[in-house]
Amino acid sequence: MKKAKDNIYETSLRTHTCGQLEESDIGSTVTLCGWVDGHRDLGGLLFIDLRDRWGKTQAAFDPAAVSPEVMESARSVRYEFSIRVTGVVRGRPEGMKKGAGTGLIEIQAETMEILNISETPPFMVEDDTTASEELRLKYRYLDLRRPLLKNKIELRHRAAMAIRSYLDSKGFVEIETPLLIRSTPEGARDFVVPSRQHKGKFFALPQSPQLFKQILMVSGFDRYFQLARCLRDEDLRADRQPEHTQIDIEMSYVNMEDIFGLVEGMMSDLFKKILDEEISIPFERYTYQEVMDRYGIDKPDIRFGLEITELSDILGKSGFKVFSEAAAGGGVIRGINFKGGAAFSRKRIDELTEIAKSAGARGLAYIAMTDDGIKSPIAKFISDDEIKGALAKAGTEKGDILLIVADKWKTVCDSLGMVRKELGRTIQGSSVRKWAFLWVYEFPLFEYNPDLGRFDAMHNIVTSPHKDDMPNLGLGFESKSAVDDPGHPWANIRANQYDLVLNGMEIASGGIRIHDRKIQELVLSVLGIDRERAEKMFGFLLKALEYGAPPHGGIAPGFDRITALMTGSDSIREVIAFPKTTAAQSLMDGSPAEIDPNQLEELGIEIIKRKN
RNA sequence: GGGGUCGUAGUUCAGUUUGGUUAGAACGCCUGCCUGUCACGCAGGAGGCCGCGAGUUCGAGUCUCGUCGACCCCGCCA
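Structural notes, computed from the coordinates. Predicted model, so just to flag it, every value in this text is computed and none were measured. (Residues numbered from 1 in each chain as written. Chains lettered and ligands numbered in written order. Predicted model: local features only at pLDDT ≥ 70, side-chain atom pairs only at ≥ 80, totals over all residues. Heavy atoms only, no water.)

Digging into the nonpolar core
Worth spelling out the cut-off: Residues belong to a common nonpolar core when they are buried Ala, Val, Leu, Ile, Met, Phe, Trp, Tyr or Cys residues joined through side-chain atoms within 4.5 Å. Note on exposure labels: buried denotes an accessible area under 20% of the residue type's maximum, exposed denotes more than 50%, and partly exposed covers the range between, all computed with a 1.4 Å probe on protein chains only. Strands are runs of DSSP state E lasting at least two residues, helices are runs of H or I lasting at least four, and both sets are numbered from the N terminus onward. The contact criterion used is simple: two residues touch if any of their non-hydrogen atoms lie within 4.5 Å.
Of all hydrophobic cores here, the largest spans 41 residues; its most connected members are L167, I249, M267, L270 and F437. Elements represented by at least two residues in this core include exactly helix 4 (147–169), strand 9 (223–231), strand 10 (243–252), helix 6 (256–275), strand 17 (437–441), strand 20 (497–502), strand 21 (505–512) and helix 16 (559–566). Top element by residues in this core is helix 6. It accounts for 10 residues. Setting aside residues no more than four positions away along its own chain, F437 makes contact with M267, F271, I279, F283, E284, I302, L500, V501, L502 and I507.

This is how it looks when you write it as structure tokens:
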């Protein structure tokens, strides 16, 4: 029998887990606790499978070996009863062995005890469940008993441990930042918490610890990290929850290279430790301009090729007005070649056209190279040489189709980017790379917002401008260009900002920050935040920058998205123990919910009922 | 805010196209039988506000409108 002190799993109620015993334990007397995973009553012999977090072990009840009372009790158990069984470990008879480990042995039961009965569960606790997600969320505690989901939560834990240990080894300090902070006018809508002691005033829950981590740099913690909860009151998606976890990182005295190196090291360490996968580093790098030109999107899935080809030079002067007008108006003509696409049905082409249109394109032209020659509705408008030139440049061969969009640069990128994404869906097979990481950097600092008639921060308001573009910051104030002119100085400032993309998902974003109060104020004023308002909202950060703030920068990998990818999950809900629905409700605890009128009274809050 | 898919025994679904007897199946549940099962087997049984509310109709699971909920997408979101 194993010595108790070797067995960390032993408690007062059990000696071992349900995943622990093996052939070397044969002969030991053991006590297991677990849920009933199955019970097979053969009339005489009775088998019960016990399940806990660690595995499954079969207990055998023989009427010849146990008392009638125990036998009767064992016959009464049902799925998900919590029970405790004591008996002797024995090898299973030949031909009755299942797999390895606990499948080679069983407990010859001597006694058993029902610790707690269970209602008939609303769905079976098994990996290949058919239960709807709605039901699984309502009974999340049962869902989490499923080994598959449990394993994902455990992997998440091990990933967190690996990350903490990696960053610790590099001299990082984990520091908790406040959850009750003041609302700052960045990006997303805040969750808000009323103050009882200051009626009429509110805390906001942090969208990220952004300003606090910068202040920690000013405080001298030159390497900070935190597995930080971030809260945003925005609409949900498969990859978005109102509360998510970031591996929040900030460092002093760094440039982009330092951050890239750190994250590459961290990710390869993580994938090696948790998945035993070798990730090749450094990751590929693309500027924003380059990635948009080649893939039409700032977070491309580059597990497959399908690059966009520039065709303006060839088709720009063609007789097809859509093309020539786009070219003359400063737009571009670009295409994607798809292998074997000449066989696309009319319906398939219509689908792709709809996708392109949904991204703003007015249509989707195509040239198919079939066995019977060129098939294209635009062939009559453009010359044979132009067709040949376009096909040659795009690498279109017999059996392929070249899909073309002509429009403004951004519209062409967006629409071909979405068409490419759709096409990519169909070619994800064994030939594609497993883990396609890439960095995207030099995003524009500002983006013109037509609704507001001014510029918005494309990333966040604390990102520093590229030093070569710094003069544009001042020039913008005097510029005679219209604000929506792509040539406006503010539209042409690159930011020291970067994203990390994995398999088409943005998994991290960061930047080198502004550490000079004057520049920060300039950026704020471009965004239409005047001195007074800046002082009110950001005064504490601006003030901190005045006291020798060091140059600093950081990044924030999204922990939920990373673990979702690592576990092959379609949704980050699969790696969050207690997620919300797409309508931001928790079906298990029924939140959000009304609160007691007394609580409202105490907070000085009155609910106004709207009519409609 | 907008678009799409879905909602029928405890569960997953069929039935809705073309309105018409008593709304089916599988798993689960209950009872009995069964001494090496592990998707145990065999026999029998119970179980339905067809999401909810209006409307059309002699008659609605089926048609219409509204509403609630889940999921996916657009907007939105560092």
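Next comes the rest of the description.
Here we look at the packing of aromatic side chains
Definition in use: Any Phe, Tyr or Trp ring, taking Trp's six-membered ring, that has another such ring centre within 6.5 Å forms a pair; planes under 30 degrees apart are called stacked, those over 60 apart edge-to-face, and the others tilted.
With the rule as written, the count across this model stands at 19 aromatic pairs. An angle of 80 degrees between the planes, with centres 5.6 Å apart, marks the rings of F271 and F437 as edge-to-face. In this pair, F271 is assigned in helix 6 and F437 in strand 17, connecting sequence segments 166 residues apart. For the pair F271 and F437, a shared accessibility class is recorded, and that class is buried.

Brief notes about the protein's contact with RNA strand B
Put simply, the rule is: Any residue with at least one heavy atom within 4 Å of a molecule or strand is counted as near it. Polar contact is defined as a pair of N or O atoms within 3.5 Å, subject to the rule that within protein one atom must be able to donate a hydrogen and the other to accept it, and that residues adjacent in sequence are counted only when both atoms are side-chain atoms.
Around RNA strand B, the surrounding shell holds 46 residues, and the nearest of these are D41, G187, A188, S509 and T582. Among atoms of RNA strand B positioned within 4 Å of the protein, sugar and phosphate together represent 55%. In the environment of RNA strand B, a base nitrogen lies 2.6 Å from a nitrogen or oxygen atom belonging to the side chain of Q246. Of all elements in the fold, only strand 1 (29–41), helix 2 (133–138) and strand 21 reach the threshold of two or more residues within the surface near RNA strand B.

Points about the layout of surface pockets
Here is the rule: Definitions used for this entry: grid spacing 1 Å over protein atoms alone; cavity, a set of points where a 1.4 Å probe fits but cannot get out; pocket, an open set with protein on both sides within 12 Å along at least 5 of 7 lines; lining residue, one with an atom within 4 Å of a point. Grid points are joined across faces, edges and corners, and a volume is the space filled by probe spheres set on the points. We call Asp, Glu, Lys and Arg charged. Ala, Val, Leu, Ile, Met, Phe, Trp, Tyr, Cys and Pro are nonpolar, and the rest, Gly among them, are polar. In this entry, domain limits derive from an automatic or database-based domain assignment.
Approximately 940 Å³ is the volume found for the second largest pocket. For the second largest pocket, the lining is made up of 25 residues, of which W409, K410, P444, P486 and A491 are closest to its centre. Only helix 7 (288–295), helix 12 (409–426) and strand 18 (446–449) provide two or more residues apiece to the lining of the second largest pocket. Among the elements that make up the lining of the second largest pocket, the one with the highest residue count is strand 18 (three residues). Residue classes in the lining of the second largest pocket are distributed as 12 nonpolar, six polar and seven charged. In this structure, the lining of the second largest pocket is formed jointly by two domains, domain 2 (304–432) and domain 3 (444–494 + 516–549), each of which donates at least three residues.

With respect to helix 13 (residues 470–478)
The test is simple: This arc is taken over the directions from the axis of the helix to the C-beta atoms.
Regarding helix 13, the residues found buried are N472, L473 and G476. On an axial view of helix 13, the arc spanned by its buried residues comes to 115 degrees, and they lie on one face.

Here's the deal with a nonpolar patch on the surface
Filter applied, for reference: For patch detection, residues must exceed 30% relative accessible area and be free of salt bridges, and they are connected within 9 Å for like charges or within 5 Å for nonpolar side chains (Val, Leu, Ile, Met, Phe, Trp, Tyr). What sets the accessible areas is the Shrake-Rupley method with a 1.4 Å probe; for residues, cover comes only from the shown protein chains. Basic side-chain nitrogens of Lys or Arg form a salt bridge, by our definition, when they fall within 4 Å of a carboxyl oxygen of Asp or Glu.
Taken together, the side chains of Y141, F578 and M588 make up a nonpolar region of the molecular surface, amounting to roughly 310 Å² of accessible area. Relative to the helices and strands, F578 resides in the loop between helix 16 and helix 17 (597–603).

By themselves, these observations are geometric and do not establish any function.
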